[in-house]
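Survey of secondary and tertiary structure
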Amino acid sequence: MNDAGNDDILARIADALERLAPPTTSPVDLATGEAFLWDGRKIKTISPFEPIEIDLLTGIDKQKASLLDNTSRHASGHAAHDVLLWGSRGMGKSALSKSVVRTLQDQGKDIALVEAPSGQLEKLPDLLEMLATVQRSFIIFIDDIGFSEGSAEPRLLRSMLEGGASERPANVRLYVTSNRRHIVSRQMSEQDDPINPRDIVDDQLALSDRFGLRLGFHAATQDDYLAMIIRYADAHGLSFEREDALLWAKQRGSRSGRVAWQYIVELAGRKGRSLA
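What you are looking at is a predicted structure, and each value in this text was computed from that prediction instead of being measured. (Residues numbered from 1 in each chain as written. Predicted model: local features only at pLDDT ≥ 70, side-chain atom pairs only at ≥ 80, totals over all residues. Heavy atoms only, no water.)

1. What to know about the nonpolar core
Membership of the largest hydrophobic core comes to 41 residues, with the highest contact counts inside it found for Leu67, Leu96 and Tyr225. Setting aside residues up to four positions removed in sequence, leucine 96 forms contacts with Ile54, Leu57, Ile60, Gln63, Lys64, Leu67 and Phe217. By size, the runner-up hydrophobic cluster in this structure holds 27 residues, among which are Ala112, Leu121, Leu127 and Leu174. (Core = buried A, V, L, I, M, F, W, Y, C linked by side-chain atoms within 4.5 Å. Buried < 20%, exposed > 50% of the residue type's maximum accessible area, 1.4 Å probe, protein only. Contact = heavy atoms within 4.5 Å.)

In structure tokens form, the structure reads like this:
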């Protein structure tokens, strides 16, 4: 084989190796970014970080005030709670968690959000160790958490919250959302199952007690739902018919902040408008 043929083979081998092991990216600067996404192995910056404006979140005023106050304390280096946000889907648990961080950033507070997957809790100590070395406040946000039967993850999370071997550092607080008040589901059969004695079940349920602040989000009333739509519509210069908005919710079998926002998207689309 001539030299040109050898060069071609070597070039193809080099290309294949590069695809298998792509060049490493520059490390993320945790001291300056506004929000990050951690996948259990590495962190990347979320940019742009543009959660919904906190003033647009309607029908959850008490939860909003409590979470903003707690997060402000943490951003100022004061005592603050880990938080469990539980309750109905689409009522603003995730949106509020992100909006309070953005609001404080706009006020000049040095705080950042790190979103972590609920299925990678066993690797969370690695993230905590990483954040502990940075001189700023962090909120680790874990959305829609849930555990499979027999999982060891509830005990691991408890350890982080109550000062065990995987204790989270002082500059980090955990904000966790769940559809269940106690996070871990409880089956009626567990009460009579000798393999699952009552104390084990109670041990699992006690996980929610480790959160110093627990905020409930309940299904919206009709008035709350319409108030959400009015707030969104006013912010975007849209008009709507009350009966049309109610029909939209009825067709979806739900009244929530998410459904209200979807209706606003529909209104804007009908009018050939953008919501950007």
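2. Digging into the packing of helix α7 (residues 222-235) against helix α9 (residues 257-270)
Across the interface, α7 lies against α9 with an axial gap of 9 Å and an inter-helix angle of 40 degrees. By the angle class used here, α7 and α9 are oblique. The hand of the α7/α9 crossing is right-handed. In contact with Tyr225, Met228, Ile229, Tyr232 and Ala233 of α7, α9 contributes Gly257, Val259, Ala260, Trp261, Tyr263 and Ile264. Class assignment of the residues belonging to the contact of α7 with α9 gives a composition of 10 nonpolar, 1 polar and no charged. (Axes fitted to C-alpha atoms, helices over the stretch in contact; angles between N-to-C directions. Helix = DSSP H or I, 4+ residues; strand = E, 2+ residues; numbered from the N terminus. Parallel < 35°, antiparallel > 145°, perpendicular 65-115°, else oblique. Left-handed = near helix turned anticlockwise from the far one by under 90°. Nonpolar A, V, L, I, M, F, W, Y, C, P; charged D, E, K, R; others polar.)

3. Considerations on the confidence of the model for the protein
Summary statistics for the protein give a mean pLDDT of 83 and a share of 75% for residues scoring 70 or more. Mean pLDDT values over the elements of the protein span from 50, in helix α6 (residues 198-205), up to 97, in helix α2 (residues 61-75). In the model, residues 21-26 has pLDDT below 50 throughout and makes 1 contact with residues more than four positions away in sequence or in other chains. Counting contacts from residues 197-201, a segment whose pLDDT is below 50, to residues more than four positions away or on other chains yields 4 contacts. (pLDDT = per-residue confidence, 0-100.)

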